[in-house]
Each structure stands twice: as C-alpha cells, then as structure tokens.
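Overview (structure and organization)
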Amino acid sequence: MASIAYSTAAFTGTSASDLLRSSSNGVSGIPLKTLGKAPFSVKKRDATVVAKLKKGKKHDYPWPADPDPNVKGGVLTHLSHFKPLKEKQKPVTLDFEKPLVEIEKKMIDVRRMANETGLDFSDQIILLENKYQQALKDLYTHLTPIQRVHIARHPNRPTFLDHIFSITDKFVELHGDRSGYDDPAIVTGIGTIDDRRYMFIGQQKGRNTKENIHRNFGMPTPHGYRKALRMMYYADHHGFPIVTFIDTPGAYADLKSEELGQGEAIAHNLRTMFGLKVPIVSIVIGEGGSGGALAIGCANKLLMLENAVFYVASPEACAAILWKTAKASPKAAEKLRITAPELCRLQICDGIIPEPLGGAHADPAWTSQQIKAAINETMDELTAMDTEKLLKHRTHKFRKLGGFEENAQVDPKKKVNMKKEEDQIVRTTPNEELEGEVEKLKQQILKAKESSSKPPEMALKDMIEKLKKEVDHEYSEAIKATGLKDRLDMLREEVSKVNSRDQLMNPVIRDKIEKLKDEFNQKLSAAPNHPTLQYKLDMLKEFSKAKSLSDAATLKQEVNKKFNEIMSRPEINEKLEALKAEVQNSGSSSFADLDQGLKDKVLSTRKEVELEMISALKSIGLIVEGVKSNAKVLSEKDSPSIFKNKVDHLNEEIKKKIENVVGSLELKNMIELLKLEIAMAGNKPDTESKSKIEAIQKQIKQRLSEAIISSELKEKYEDLKEKNSEVEQYSAGADESLQKETKYEEPRLEINLGANSSFAQCM
C-alpha cells in the first residue's frame with residue numbers, strides 16, 4: 001500500500017484532472033492554463049514524492065488447499081471459523097461429583113497395580129466398575145435443582161454449533177444485521193436435516209477462555225437480536241421452519257447495549273415471533289436466562305434438555321434479593337421451579353430431551369442425536385397444521401400460562417401441599433345454626449344409648465373440632481373487646497425472647513402474665529360475646545366427656561373380646577378344667593392349704609394366661625404395667641387385709657408429704673406457670689410452647705421426687721415392695737375360684753381407664 005504526498009497550491013476552480021496534467025511539466029500543483037496567463041519567469045519548485053509500504057499479514061482464508069467434499073456439515077463448513085479444538089478440554093469435576101472421582105481413582109490404582117505386578121485383579125476391577133456405574137446412576141437420577149444449574153453451566157457442555165454440525169447434513173452460517181454489526185454471541189444459518197431445510201438461530205458460548213471472550217460468554221447485544229430478527233423475516237419469506245437453540249445467562253446489560261436499545265430489540269423480537277407463519281421450535285440446551293432467552297424463545301413448542309434450566313432470574317440473584325445472600329441459591333433454585341421436570345408440570349415446557357448419565361458433555365454425539373429426533377418428531381406435528389391453526393397454537397401456548405379455573409376439582413396429591421385450613425380465616429357458625437347441630441347430635445347420642453349401639457363417632461369428632469375453632473375465635477373476640485389485645489401481643493413477644501427453653505421464665509414476665517390473666521378474667525363477663533363463649537365452652541366440655549366415655553366403652557369391649565378369645569381356646573380350656581378338677585380333688589378350701597406342687601401348677605397356668613393376654617392387649621395398642629407372678633406363700637401377718645392397711649397408711653404419708661411440697665411457694669409458682677403456659681398454648685400448641693410445658697413439668701416432677709426419695713418413705717416403700725402385692729392379689733383370686741367349687745362363669749376382664757390406664761386382674 002502506497003501513500004503519495006503532493007505540495008500543492010490552492011486555486012479556485014482547479015479540478016483534479018488539471019492538477020494531474022500539470023505534474024507532467026515538472027511544475028507541481030499549477031494548471032497549464034494558469035501558467036499561460038502568468039509571467040513565464042516563475043521560479044521552479046521541486047516536486048517531492050513520498051511512498052510508504054505497510055507490511056500486512058497475509059489473509060488467512062479458512063478454506064484448506066484440499067477440502068474434503070464428504071465432511072460433516074457440507075463443504076461450506078470449511079468457511080466457518082468454528083473449528084475443532086486443537087487441545088482437548090480439561091475435565092471439570094463439580095462438587096457433588098467428587099465421590100465418583102474417588103471411585104475412579106481406585107479403579108486407576110487397581111489397574112496400574114495389575115499392570116505392574118502381573119496379578120489378576122479383574123474381579124476387583126469389575127466390582128469397582130459396577131460400583132461406579134451404580135453411584136453414577138443414583139447421583140444423576142436424584143439431582144437437586146441447584147445441581148442441575150451447575151450441570152447446565154458446565155464449561156465442557158456442548159454448544160449450539162457443536163450440536164448443529166452433528167445433526168445437519170449441510171449448514172452455512174449467515175452473518176450481519178444489515179446495520180454494520182455482526183454479534184458473535186448469536187449464530188444464524190441455514191441447514192438441512194434429512195433433506196428438510198431449516199433456519200437455525202442459536203446463542204453460542206465459547207469452549208475456552210479465548211472463545212468466551214469472543215462470544216461475550218453467550219450474552220447477546222442488540223445487534224445479535226436484530227440479526228436473529230432479520231433471519232426470522234428471511235425464513236418467514238421463504239417458508240423455512242425455524243429452530244432456535246437457547247443457551248444464555250441473559251442479554252448483555254452494559255451501558256452501551258442499553259444506549260443502543262437492548263430492551264427495544266428484545267421486545268421487537270417477541271412481537272414479531274408471534275406473527276411468523278412458519279413453525280417455530282425452541283430448544284433449551286443449557287441455561288435460559290430472562291428476556292435474553294425469551295427473545296428467541298416464543299415458539300410453538302419449547303423443548304428442554306434433561307439438565308437444562310429456564311429462569312426469569314438466576315438462583316444467585318434471587319437469593320441475594322430475597323435472603324440477602326447468594327449462599328441461599330440452593331433454596332432459591334428449589335423455590336423458582338426452573339428445572340425441566342418442574343416446567344413440564346407447569347406446562348411451560350412441552351417436552352424433555354434425555355441426556356446421558358453424567359450430563360450432555362459425557363456423550364455429546366448421543367445427545368445431539370436425541371435433539372435431532374426431537375426436532376423431526378415435533379416438526380412433523382407442526383408442519384401438518386395450516387397457517388391459521390399454527391398461529392392460534394402459538395398464541396394459546398402463551399395465553400394459558402398462569403391461568404386458573406375457579407371451583408375446579410383439586411388433585412389429592414396437590415392438595416397435600418396446599419395451605420391448611422388452620423391457617424385460613426375462621427368463619428364462625430351463627431348461634432342458631434350451631435344450636436341446631438348440637439341438638440341434632442345430642443338426639444343421635446341418646447338414640448345410640450337406648451339401642452346399645454355405638455354413638456356417631458365421626459359426627460362427634462367433627463363437632464368437637466368445630467367447637468374448638470369456635471371457642472378460639474370467641475376468645476380472640478373477647479380479648480379485642482376488653483382492649484387487652486395489644487398488651488397480649490407485647491407480652492407474647494417478651495415471652496418469645498426468653499433465651500433458654502429449659503429454664504423458668506423471668507419472674508417479672510411471670511407477674512405480668514398473672515396480672516393480665518386476672519384482668520382478663522375480671523373483664524370477661526363484661527365482654528359482649530361472653531354468653532356465647534360460655535355456651536360453646538359448656539358444649540365442648542359435654543361432647544369431650546361423651547367422646548371419652550365412648551372411647552372407654554369401645555376399648556373395654558375390645559379388651560373383653562380379646563380376653564374371651566383367649567379363654568375360649570381349646571388348649572386353655574382343657575388346662576383350666578384339669579386344674580379345677582385337681583383342686584377339687586385335693587379337698588383344700590384355700591390357696592394356702594394346697595400342696596406346693598399344685599400351687600406351682602396354678603401359678604404357672606395363671607402366668608401363661610397372663611402372657612397371652614398381655615400380647616393381645618399390646619396388639620390393640622395398650623401398655624400393660626405391673627403384672628407379675630410370684631409363688632411366695634403368705635404368712636398370717638401378711639394377709640391381704642393387713643397388707644392393704646399398710647399400703648393405705650403409706651399412701652396417706654406420701655399424700656401429706658406431696659401436699660407439703662406443693663404448698664411451698666416455689667412449687668406453687670411452678671404449677672401456676674404451667675397452667676398459664678397450657679392456657680396460652682391453647683388447643684394446638686407450637687413447638688416452643690410444648691418445650692416450655694415439658695421443661696416446667698420436668699422440674700415439678702423432680703421437686704416431688706426429691707422430696708419423697710429424701711425422706712423415710714423410701715424405706716417403707718422398699719419394705720412393702722419386697723412383700724409383692726401381686727401375690728396377695730393372685731391368692732385372693734385363687735381363693736375366690738376355689739369357693740365357687742364346680743360353678744363356672746364366663747371370665748371377663750375389667751379395666752380402669754383413668755389418667756394412666758392399667759391392667760389389674762386377669763382371673
């Protein structure tokens with residue numbers, strides 16, 4: 001390249017041709033006709049010519065000297081700058097894949113040892129290979145959302161052009177937006193798959209640092225979206241179906257892009273794609289971020305690779321906004337519902353393209369063939385539609401997103417995760433309606449008693465739950481009416497700030513609670529809804545008592561039924577009849593008169609029946625306590641009446657000791673605090689309330705236990721324990737059976753259902 005500098009004089013009206021012609025006379029820059037008018041004695045000026053040759057690089061044409069006509073993608077792929085990498089990509093191990101790497105290292109070590117020693121380690125190698133395959137399968141079939149995000153961003157994941165050159169028979173890349181720019185982050189071109197021509201548009205990431213910088217890490221500028229728009233118009237004009245590949249973290253959001261109209265370019269693409277008259281299929285091969293992905297994703301069908309993600313905001317950005325830290329990204333990824341299976345359930349994604357175990361980078365060729373099969377199948381469906389149906393199909397796909405149907409039947413599986421009734425607004429039943437329901441249920445219970453049938457358990461349970469909600473609501477209204485709601489809320493906050501759950505709360509807070517409780521009880525009678533509250537409380541107590549009696553009767557029937565089943569067994573009946581005959585033949589009138597062998601036989605039979613009954617009671621969920629057998633013969637001084645007096649005397653002493661302890665100021669405060677905690681917790685205490693109640697109960701029990709154990713009562717108790725009260729009960733039972741002589745009645749089991757149910761007597 002040469003540049004020539006001339007020293008010229010400026011004259012008005014001088015043309016370029018005149019200047020060139022004047023240089024032949026040796027006079028530089030002066031026209032001949034000007035010289036003719038001027039005096040001839042003009043001083044000759046030297047003309048200077050300066051030439052500079054710039055050494056440039058010879059153009060590096062991508063076309064080789066001997067192009068292979070059978071190359072995959074056609075001969076025109078030689079013109080593409082996207083060439084196979086000279087160096088193999090370095091393997092990248094994600095954090096959750098580290099257990100696989102450890103197994104792989106073990107396999108390598110065993111193979112190396114086999115080669116070095118010449119020994120046969122084939123069994124160990126096969127075992128490790130099976131273990132590796134099983135671990136790989138378990139890992140990739142139970143991926144968490146954040147793990148799928150990491151796979152979608154894997155540096156070695158195949159890019160748009162990797163898939164294009166694998167699935168197309170011929171492909172030629174088209175450049176430029178016809179405004180002087182060509183964004184390398186978006187690649188467009190025409191290609192054929194099985195002799196069907198398509199327009200391919202995709203976001204291209206780099207395979208190494210150099211390529212990523214060139215491709216701007218797959219983040220397009222407005223020029224890229226305008227290039228894609230130009231190719232969409234081109235495809236629509238010529239009738240080429242469009243296939244777009246989405247793989248971007250989002251549109252490039254720098255200042256220059258915003259100045260050049262990034263938002264306008266994306267919006268223009270969105271509007272245009274809804275009006276294109278050719279089929280459009282979009283495939284998410286990596287991550288699809290926000291409007292940058294949607295700008296080429298308004299398609300008739302949206303398909304996703306198995307480990308691809310599609311989101312409006314990245315998990316890191318979402319976590320930074322909602323939880324003020326990017327470390328909460330796993331939680332954000334789960335809540336965003338960005339994986340292919342989740343988006344399919346939401347009907348945003350229309351299909352999932354499978355990936356090999358280990359991700360698409362584990363076998364790119366196989367993944368590309370799955371994409372090719374999906375394109376063919378989807379295009380067969382879309383090309384069968386006429387233009388009007390195709391446009392309606394695309395519009396309906398996006399119109400139905402986020403829609404809902406009122407009063408629709410809810411799937412039971414979905415209903416599990418829906419908001420529970422307790423969290424919803426409580427709607428109280430009018431008093432007249434409630435009174436009618438109560439009277440109706442009372443009549444049903446009375447009829448059940450008269451006919452000796454079971455009361456309506458479900459109706460009784462539903463009414464109790466309903467009354468509990470009604471009572472809770474009435475209490476809330478009463479607190480509001482008495483003007484104590486604000487104080488109660490403040491007190492709850494103070495209680496919630498107690499540092500330790502295992503310790504009693506501050507005495508100051510306890511005094512505040514007592515004062516508030518007393519004030520509420522005093523003002524409760526003046527509350528407008530006090531009569532209604534009292535009525536509902538009485539009904540709740542009445543129905544709760546009825547349910548307890550019903551449950552007790554049902555349980556008693558079940559226990560007696562089990563006992564009768566045991567006693568009606570042939571082997572048990574035979575043993576009892578034989579034992580009864582032996583006792584009658586012995587002529588003894590009491591258990592003490594029997595010989596030792598017969599006593600042992602009686603006790604052994606009783607023990608066998610007891611064990612059978614214990615097993616039967618456990619099968620219906622009852623806990624049996626205090627059933628023992630003892631063959632000790634009682635002396636005169638240990639008769640049942642004398643022993644009973646000793647037990648009663650000890651019980652009186654223990655009762656007095658407990659009353660003395662309970663009467664102390666410390667334990668009184670604990671009991672009052674326990675009552676208050678139970679009252680504040682209500683019918684449905686939370687975890688914190690339960691912990692506080694359990695801690696207070698534990699301390700009360702500990703105080704009572706210390707008071708009893710530290711006294712002389714422990715010695716008396718141990719003395720009575722040695723005498724084994726169970727032997728007295730068994731002896732009394734044996735005497736009673738002997739007095740009946742040959743008369744036999746059907747045995748029945750009576751149980752006491754108190755605070756702690758117990759099993760007292762079997763025979």
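As the structure is a prediction and not an experimental result, all values here were calculated from the model. (Residues numbered from 1 in each chain as written. Predicted model: local features only at pLDDT ≥ 70, side-chain atom pairs only at ≥ 80, totals over all residues. Heavy atoms only, no water.)

Considerations on the packing of aromatic side chains
- Per the stated rule, a full pass over the model turns up ten aromatic pairs.
- Site record: aromatic cluster; members linked through ring pairs are F82, F160, F165, F171, Y198, F200 and F245.
- Directly above the aromatic system of F82 lies the positively charged group of R207, at a separation of 3.8 Å from the ring centroid.
- Stacked on the ring of F398, the Lys or Arg K397 has its end atom at 5.7 Å from the ring centre. (Phe/Tyr/Trp six-rings, centres within 6.5 Å; stacked < 30°, edge-to-face > 60°. Lys NZ or Arg CZ within 6 Å of the ring centre and 35° of its normal.)

Quick word on the packing of helix α12 (residues 315-322) against helix α13 (residues 329-336)
- The contact between α12 and α13 brings their axes to 8 Å, and the two run at 105 degrees. In terms of axis orientation, α12 runs roughly perpendicular to α13. On the side of α12, the interface is formed by P315, E316, C318 and A319, while α13 contributes S329, A332, A333 and L336.
- Classifying every residue of the contact of α12 with α13 by side-chain character gives six nonpolar, one polar and one charged. (Axes fitted to C-alpha atoms, helices over the stretch in contact; angles between N-to-C directions. Helix = DSSP H or I, 4+ residues; strand = E, 2+ residues; numbered from the N terminus. Parallel < 35°, antiparallel > 145°, perpendicular 65-115°, else oblique. Contact = heavy atoms within 4.5 Å. Nonpolar A, V, L, I, M, F, W, Y, C, P; charged D, E, K, R; others polar.)

Describing the confidence of the model for the protein chain
- Considering every residue of the protein chain, the mean pLDDT works out to 76; 73% of them sit at 70 or more.
- Low confidence marks residues 499-503, where pLDDT is under 50. Its contacts with residues over four positions away, or in another chain, come to seven contacts.
- Note that pLDDT drops below 50 for residues 627-639; the model gives that stretch 30 contacts with residues more than four away or on any other chain. (pLDDT = per-residue confidence, 0-100.)

Notes on the side chain of K536
- Within the secondary structure, K536 sits in helix α22 (residues 530-567).
- A relative accessible area of 1% means that K536 is categorised as buried.
- Of the polar contacts made by the side chain of K536, one reaches the side chain of E474; its length is 2.9 Å. (Buried < 20%, exposed > 50% of the residue type's maximum accessible area, 1.4 Å probe, protein only. Polar contact = N/O pair within 3.5 Å; in protein donor to acceptor, adjacent residues only side chain to side chain.)

So, the pairing of strand β2 (residues 186-193)
- β2 sits mainly inside the fold: eight of its eight residues count as buried.
- Taking every second residue as pointing to the same face, both faces of β2 are buried, with I186, T188, I190 and T192 on one and V187, G189, G191 and I193 on the other.
- The pairing of strand β1 (residues 170-174) with β2 spans five bridges and is antiparallel. Bridge pairing in β2 links V172 to I190.
- Counting the residues in the hairpin turn of β2 and strand β3 (residues 196-203) gives two residues, including D194, whose phi is positive at 50 degrees. (Pairing = 2+ DSSP bridges.)

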